[in-house]
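In case you want the letters, here they are:
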Amino acid sequence: MSIIRPLSSTVIAAIAAGEVVERPAIVVKELIENSLDAGATKIAISASLGGSADITVSDDGFGMDDEDLKLSITRHTTSKIFAIDDLNTLQSFGFRGEALASIASVSIMTIQSKMSSAEIGYQISVRHGHIGEVIPVGMPNGTTITVEHLFAEQPARRKFLKSSAIELRRIIEVVQAAALSHPEVSFAFTHNQKMILFVPKKQTLLERAVHLFKQSPQTLLHVDAHFQNLRIFGLVGTPQLAHQLKQKQYLFVNHRPVHHNALTAVVKKTFGALLDPRTQPVFILHLELLPSVIDVNIHPRKELVRFVDEARILENIAQAVDQALKQQDLSFHYTPSPPELAMLHDDNKASVPMSNLLKSVTDAWQVTPPAQTEVMQIDNTYLLTATPPGLMIIDQHAAHERILYQQFLTTFRTQQLQQATSVLDPAMVIECSAIEAQLLREHLPTLAKIGFEVEPFGEHSFKISQVPLLYVGHNLQQLFAELLEDFAGDGHPVSLDSVSQRTIAYLACRSAVKAGDYLSQHQRQALITQLATTEQRFTCPHGRPTTMIFTISDLEKMFRRR
Amino acid sequence: MSSELDFENVEFSTPMMQQYLQVKKQYQDCIVWFRLGDFYEMFLDDAVTGSRILGITLTSRARGKDGRIPMCGVPYHAADQYLSKLVKAGHKVAICEQVTEPDGKNLVEREVIRVITPGTLLDEKSLERKQNNYVLCVSLKNQIVGAAAVDLLTREFLAGEVRLDADKTFFQVLSELHACLQPAEILLSPSCPAVDAFKTSTLKEWKLYIQFPSKKLAQTGEIAPTTLETAAALISYLQYTQKTDTLRLQSIQPIWQENYLKMNRSTIQNLELFATLHEGHRHHSFLQTIDHTLTAMGGRLLRQWILKPLTDQEAIEERLDSVAFFVQKRTAREELRSILKEVIDVERLLGRLNLGISNPRDLKNLAHALDAMLHITYVSKRSQSPFLFDGHSISIAQQIIDLINRTLSELPPIDPHKGGFILEGIDQELDTWRHTASKSRTWIVELETTERKKTGITSLKIKFNQVFGFYIEVSNANLTHVPSYFVRKQTLVNAERFSTPELKKHEEIILAANAESEKREYDLFQKLVAHVLETLHPLQSLIKQAAELDCLLNFAHLAEYAHYSRPTLTASGELNIKNGRHPVIEHITKDQQFVPNDVTLSTKNPQLLLITGPNMAGKSVFMRQVALITLMAHLGSFVPADVAQITITDQIFVRSGAADMITAGLSTFMVEMVETAHILRHATVKSLVIMDEIGRGTSTYDGISIAWAIAEELVKERKFGPKTLFATHYHELQALADKWPGKIANFHMAIAEHQGKPVFLYKLREGGASHSFGLAVAQLAGIPEPVIERAKTLLKKLEK
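Asker: Can you lay out the overall build of chain A for me, pointing to particular residues and giving the numbers?
Answerer: Each helix and strand counted, chain A has 18 helices and 23 strands in total. Per-residue burial for chain A yields a buried fraction of 53% across its 562 residues. Taking the contacts inside chain A whose residues are at least 6 apart along the sequence as the reference set, 67% of them involve residues at least 24 apart. As displayed, chain A has an accessible area near 26,600 Å², and 54% of this comes from carbon and sulfur atoms.

What follows is the structure in structure tokens.
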């Protein structure tokens, strides 16, 4: 008796399709690529529940007639419509022509399409492999494909899907990649009826990248190089961009998104020491070359690609990227946050470097200069000295502030444990405005915990009878004035730590050496030595940088030696 | 309950109730809110009404030997929401405040400081953010209708008059005004006929009202007599409600627009410009679809713009140029929009300042809003925007910002009476009072040290609280060391509180100084407000410009998201649209499935498109989109089409059966004929006419004849002929195209068939509809099969 029975063709198709169509994002990718092939100028994508409930992609491209409509969902390797451009000759990535059929076999798919030359549009539905009939439908020119209940009958596949949020993110990545591959096309993506992404028609690659990444145009450098049978163009991000954006690397070969590990490595190598070793460069690179030179991998899902003359192509990439990096002045540019404001200062090339970047950079490297190294003081404000990586510049006030802050913090914590307070006799009275009074009243319990005894002494006045030992002898009027300003800025009760931090920060600021104070050689060296062993030494308590490092490599680049 | 109070005979025993009676006598048509301490109280019938509408408890007050007086009250702090509830329920409320301080002996003086009516509601929270709140006043004299409208918070003032004639009745004029202004309150002169369709009230004191303001208004310029009278009456009414003579309204603008594209009530409703026909909601109306303005002022202005489409080509091009600039300069546009997003309704804020109901926080908010204007100027200049604020207003704004920031503390309170918001160094007197209080406080703190030494009680503390003021606190353990000059004030569980004569003296100094400085701060606040009000005009102008910018940015934003293109305006008389779409329907239609359509119309050939075919095929949507695209072009906006060549149009008429006011006592057909007559009388060669199914409300032969004649009338005279889209279900009319070849062209909405069922293609095609798809549509709608079969049989018979 035969227990083994052959599988029906529908089931076979479903299994095969399940391997190829792993997740909603792949469906979206396929549908978008069909739309792009059809010459669309507008593509609208909508999805629900991460794509597992439904996905719709609609475009204003060539469309299909009723015959093509039927053929599109049967297994067929070539589409009848050819793109005319030489570089875009029919690129069937193995299963391209089978994509729709695969998707249709694991979902309920409806395709509506109308050609501009046709009187009417046509619609066809497929339910998990069972093809319905073609019916006429009223619609504008173009194609709309709806995929519902993906994997409804493939519970194993369904189990492999991640949460809606993760699947949504994958779809967004697909749409963004498509948007970068064709900046002249408009994309609109809605999820659960909320607009997630919209880009208008006819943008340049730079405009598109600026829009999608929400960065200023200066952070993206143009790449445009021609070699024999190869054109490389696109954008490469400045080193500081690498810190702000993670995983933003896009490679397109003849406008198809691909991955190529060696190429990515070459780009990174070309950046060299410009880049913080822990970051990845940002790039959007388009390669245009003859199809004969491209070797498509058998694993279509991964969209890996190999080149025939790979070494030469990689060399060309390195040259192109290098050229781009050379064009620009790469001294670190001060970009005030949020990044949008950066556009306010189009031609602001003041070379005040960016604190966060340097902080993480210098964290990794040695800062302390050997003892007895000569320290220069510029403008009675900045200290300059040699350091193993190169040149170090220190803001004396910011540095001293940090040193004192850490010291006070330690003292404060110790005193807190000891509950060391000092009684003010006579007590101090402070006056403030109506709202300040209200805010102060809200913070009385918090201040009490730190060791301040503050009580109401009138409509808008307060009596301070006790302060923590640390604050004795300091200008309390000023301290409270600054505290009140801070509170007003917050507008609501602030935490204990925040209040302590501010009062100590205030103390540190007031007690530290100022910008404009002359320091002797000995004092300068002492400051630097002290700083080297202070926690969080790269920023002052207010978040401003204390130290700037220029490595030998930076200097070389600045002076165009490299 | 009981009816009106008989003021002559009723008597109350308490002076307060007598006072109340006096007030109520003068405000019999209002609910009187009588201020008693922290509450506004309502008495007698008012209390019953108030309790019912507001859902608050009805209590009563002893009347002594005469029984109990019904009363109910609302707390002062929450007054606004109760007020708006009462007013929205249709009542007027007279606010009677205490105007003197209670001194324990005499009765506090009370005065009505304001009357709140639906049109004079000043609480922003109760008002529609993006819509004006008008009081409309209408009069009728010698066949001339005068109308005046004021929005008290935005200070806009409209007025005008129009002569009644054969096809313009009083009711029509009133409906028109109602459709355009959507007034919150309508006042009629005694000479006006009664009106059922809208809620109105008659100003019985008309003759008295028109006296004084007439003279003042007449001085401002040439105003026609009926307009003058109506405007004067309205001003008097407003002065009466606000208890002030200074309203500082803007200069009068014409209430009926002359130099704009005209649309009547019918057109406004049929195009669903502000409300859908189906349920009268704003949702899915034209305005709601295109309104992405960020400020309240911008939203209100956009609404006004829609009612005033431009007819001057240069003016339209100017707007289009600005819009085109912002479509291109995406970054500048987004930046400006993000600044505007943070701007509060500063127009209404200025209005409240003007009416004396503002507070220090308002002034600070004003400074912030003006600051945003400066920021906008900076960004605009940097991006070389063609739209810049005028320099004079900007410099005034800068001055006001400086003045306010110099004078007021960073975050001022809402109550101007409790002080604590004027900065130091602004006013010597204030500083002196503060200094005095401060000195005394210092003395008190020193007393603590002194007394500690003197008595030896080191734990002695001097504290303060609102109830007892300053006191010396000594714990029970130390009571034995208390000196004799300590006067006991309060006993607690673990301590005793004392005072001394000197402490008391200083306490009194502080109290007096506080009272004086509070008063002084209030005065300074009023002065500051007055100072700001002196610059009311340039500030108002600046705000108006900001609203304009908001609207232009809105058009640009819309153009990008909805893929609109720039229309070309001509004087050629030709209307040419390629792939036009309906802005609202395409927005609602899922998955971009809206089918676009082309159309060509001119004053010559074709002048009239006769569109036949069943209703669900898309005729109405198509015709309306042509009207809307034309309207949008005249607003200076980009349009939903690939190409649009629009000729300058003077009027748009949309005649459709859907918006007929059957409640007004006229039959559908009658209304249709009245409106069609109006169109025939007023349409010119520059007009656009949409006729959707004429002749439906009567017998077939009547209907065909009338529709035929009307269509002919529209094309007869070359000079007269407006461009017309004429939809009809009478296939007989298709013969008109033979009679007027070229001028009248037959069209239909394409329908395919599939297995006997119609498939709507929504595409406009040449030629008349061949099939009457009525039965197919009926079947689609779900009419039972046997009925359909029977109809088919009958149809065959009739067609023979």
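There is more to say, and it comes next.
Asker: I'd like a rundown of the overall build of chain B, residues and numbers included.
Answerer: Per the secondary structure count, chain B includes 24 helices and 26 strands. Projected onto its principal axes, the C-alpha coordinates of chain B cover approximately 125 × 70 × 60 Å. Buried positions account for 55% of the 800 residues belonging to chain B. Per element, the accessible surface of chain B, about 36,500 Å² overall, is 53% carbon and sulfur. Between the mean site of the 90 positive side-chain charges and the mean site of the 93 negative ones, chain B shows a separation of 2 Å.

Asker: Lay out the packing of helix H9 (residues 296-307) of chain B against helix H17 (residues 536-561) of chain B in plain terms, naming residues and giving numbers.
Answerer: Two measures define how a pair of helices packs: the angle their axes make with one another and the distance between the axes. Residues and elements named next belong to chain B. The geometry of H9 relative to H17 is characterised by a closest axis approach of 8 Å and an angle of 75° between their N-to-C directions. The angle between the axes of H9 and H17 places the two elements in the roughly perpendicular class. Contacts between H9 and H17 pair Met297, Gly298, Leu301, Leu302 and Trp305 from the former with Ile543, Lys544, Ala547, Glu548, Asp550, Cys551, Leu552, Asn554 and Phe555 from the latter. Grouping the amino acids of the contact of H9 with H17 by side-chain chemistry returns 9 nonpolar, 2 polar and 3 charged.

Asker: Tell me about the nonpolar core, and please be specific about residues and values.
Answerer: Counting residues in each nonpolar core, the largest one holds 112 residues, and the members touching the most others are B:Leu273 and B:Leu363. Counting residues per element, this core draws most heavily on H17(B), which supplies 14 residues. Residues in contact with B:Leu363, not counting those within four places in the same chain, are B:Leu353, B:Ile404, B:Leu408, B:Phe525, B:Leu528, B:Val529 and B:Val532. Core analysis: the second largest hydrophobic core is formed by 65 residues, A:Val27, A:Leu100, A:Leu161 and A:Val174 among them.

Asker: Which residues make up the interface of chain A and chain B, and what values do they have?
Answerer: Facing the 43 residues of chain A at the interface are 45 residues of chain B. For the pairing of chain A and chain B, the buried interface totals around 3,800 Å² over both sides, and the portion due to carbon and sulfur atoms is 58%. Seen at the junction of chain A and chain B, the total is 4 salt bridges. For A:Glu431, the salt bridge is made with B:Arg441, and the minimal N-O distance between the two is 3.0 Å. Here chain A is connected to chain B by 14 residue pairs in polar contact (both at pLDDT 80 or more). Every element with two or more residues in the side of chain A that touches chain B is listed here: strand E1 (42-48), strand E2 (54-59), strand E6 (135-137), strand E9 (194-199), strand E20 (421-431), helix H14 (434-450), strand E21 (453-456) and strand E22 (461-468) of chain A. The element best represented in the side of chain A that touches chain B is E20(A), accounting for 5 residues.

Asker: Got a sec to walk through the sheet that holds E22(A)? Specific residues and values, please.
Answerer: Strand order in the open sheet formed by 3 strands is E20-E22-E21 (chain A), and the pairing between neighbours is antiparallel. Both outer strands of the open sheet, E20 and E21 of chain A, are each paired with one neighbouring strand and no more. On average, adjacent strands in this sheet sit at an angle of 15° to one another, irrespective of strand direction. Here E21(A) runs beside E22(A); their pairing, made up of 4 bridges, is antiparallel. The residue bridging A:Val454 from the neighbouring strand is A:Ile464, located in E22(A). Along the sheet face, H14(A) touches E20, E21 and E22 of chain A and points at about 20° away from the line of E22(A). Here helix H15 (residues 428-455) of chain B sits on the sheet in contact with E20 and E22 of chain A, set at roughly 160° to E20(A).

Asker: Could you give me a rundown of unusual backbone geometry, with the residues and numbers involved?
Answerer: One non-glycine residue, A:Lys202, lies in positive phi territory at about 50°. As for its position among the elements, A:Lys202 is in the loop between E9 and helix H7 (205-213). The class for A:Lys202 is exposed, based on a relative accessible area of 69%. Unlike most non-glycine residues, B:Gln182 shows phi in positive territory, near 45°. Within the secondary structure layout, B:Gln182 lies in the loop between helix H4 (170-181) and strand E10 (185-188). B:Gln182 gets classed as partly exposed once you look at its relative accessible area, which sits at 31%.

Asker: Which residues make up the side chain of B:Glu156, and what values do they have?
Answerer: Residue and element names in this part refer to chain B. Relative to the helices and strands, Glu156 is located in strand E9 (residues 156-163). Residue class for Glu156 comes out buried when judged on its relative accessible area of 10%. Excluding residues within four positions of it along the chain, Glu156 makes contact with Asn132, Ala149, Val150, Asp151, Gln250, Gln304, Glu347 and Lys544.

Asker: Can you lay out the packing of aromatic side chains for me, pointing to particular residues and giving the numbers?
Answerer: Applying the stated rule across the entire model yields 20 aromatic pairs over all chains. Centre to centre, the rings of A:Phe198 and B:Tyr561 are 4.1 Å apart; their planes meet at 20°, and the pair counts as stacked. Taken as a pair, A:Phe198 in strand E9 and B:Tyr561 in helix H17 lie in two separate chains rather than in one. By relative accessible area, which is 5% here, A:Phe198 ends up buried. The interplanar angle of 40° and the centroid separation of 6.3 Å between the aromatic rings of B:Phe760 and B:Tyr762 together place this pair among those described as tilted. Look at B:Tyr762 and you get partly exposed, because its relative accessible area is 33%.

Asker: Explain the side chain of A:Lys114 to me, using residue names and the numbers behind them.
Answerer: Residues and elements named next belong to chain A. Within the element layout of this structure, Lys114 appears in strand E3 (residues 108-114). The charged side chain of Lys114 is buried without a salt bridge, its nearest counter-charge being Glu119 at 7.6 Å. Separated by 2.7 Å, the side chains of Lys114 and Asn141 make a polar contact. When sequence neighbours within four positions are dropped, the list of residues in contact with Lys114 reads Phe62, Gly63, Met64, Glu119, Ile120, Gly121, Met139, Pro140, Asn141 and Gly142.

Asker: Account for helix H19 (residues 619-635) of chain B, with residues named and values stated.
Answerer: Turn by turn, an α-helix covers 3.6 residues, leaving residues three or four places apart pointing in a common direction. Residue and element names in this part refer to chain B. For H19, which comprises 17 residues, the first-to-last C-alpha distance of 25 Å matches the rise-based estimate of 24 Å (1.5 Å per residue) to within 8%. With 15 of 17 residues buried, H19 lies mostly within the body of the structure. Among the residues trailing H19, Gly636 stands out with phi positive, at a value near 85°.

Asker: Residue-level account of helix H3 (residues 79-88) of chain B, with values.
Answerer: Residues and elements named next belong to chain B. Among all positions in H3, only Ala79, Tyr82, Leu83, Ser84, Leu86 and Val87 are buried. Where H3 is buried, its residues meet strand E1 (31-36), strand E2 (39-43), helix H2 (44-54), strand E4 (68-75), strand E5 (93-98) and strand E6 (110-116). The first or second residue beyond H3 is Gly90, which carries a positive phi of 100°.

Asker: Summarise the confidence of the model for chain B; cite the residues concerned and give the values.
Answerer: Chain-level pLDDT for chain B is 89 on average; 96% of the residues reach the 70-or-more range. For chain B, helix H23 (residues 774-781) of chain B is the element with the lowest average pLDDT, namely 73, and strand E21 (residues 643-647) of chain B is the one with the highest, namely 97.

Asker: Would you mind going over the pairing of E4(B) in detail, with residue names and values included?
Answerer: Residue and element names in this part refer to chain B. Where E2 lies against E4, 5 bridges are found, and the strand directions are antiparallel. Directly across from Phe43, in E4, lies its bridge partner Met71. Bridge analysis of strand E3 (residues 59-62) against E4 gives 4 bridges, and the strand direction is antiparallel. By the bridge assignment for E4, Ser60 is matched with Pro70.

So, how was this worked out
Residues numbered from 1 in each chain as written. Chains lettered and ligands numbered in written order. Predicted model: local features only at pLDDT ≥ 70, side-chain atom pairs only at ≥ 80, totals over all residues. Heavy atoms only, no water. Helix = DSSP H or I, 4+ residues; strand = E, 2+ residues; numbered from the N terminus. Buried < 20%, exposed > 50% of the residue type's maximum accessible area, 1.4 Å probe, protein only. Contact = heavy atoms within 4.5 Å. Areas by Shrake-Rupley, 256 points an atom, 1.4 Å probe, with all protein chains shown as cover. Lys, Arg positive; Asp, Glu negative; His and termini not counted. Charge placed at Lys NZ, Arg CZ, Asp CG, Glu CD. Axes fitted to C-alpha atoms, helices over the stretch in contact; angles between N-to-C directions. Parallel < 35°, antiparallel > 145°, perpendicular 65-115°, else oblique. Nonpolar A, V, L, I, M, F, W, Y, C, P; charged D, E, K, R; others polar. Core = buried A, V, L, I, M, F, W, Y, C linked by side-chain atoms within 4.5 Å. Buried area = accessible area lost by both parts, 1.4 Å probe. Salt bridge = Lys/Arg side-chain N within 4 Å of Asp/Glu carboxyl O. Polar contact = N/O pair within 3.5 Å; in protein donor to acceptor, adjacent residues only side chain to side chain. Pairing = 2+ DSSP bridges. Phe/Tyr/Trp six-rings, centres within 6.5 Å; stacked < 30°, edge-to-face > 60°. Expected span 1.5 Å × (residues − 1). pLDDT = per-residue confidence, 0-100.

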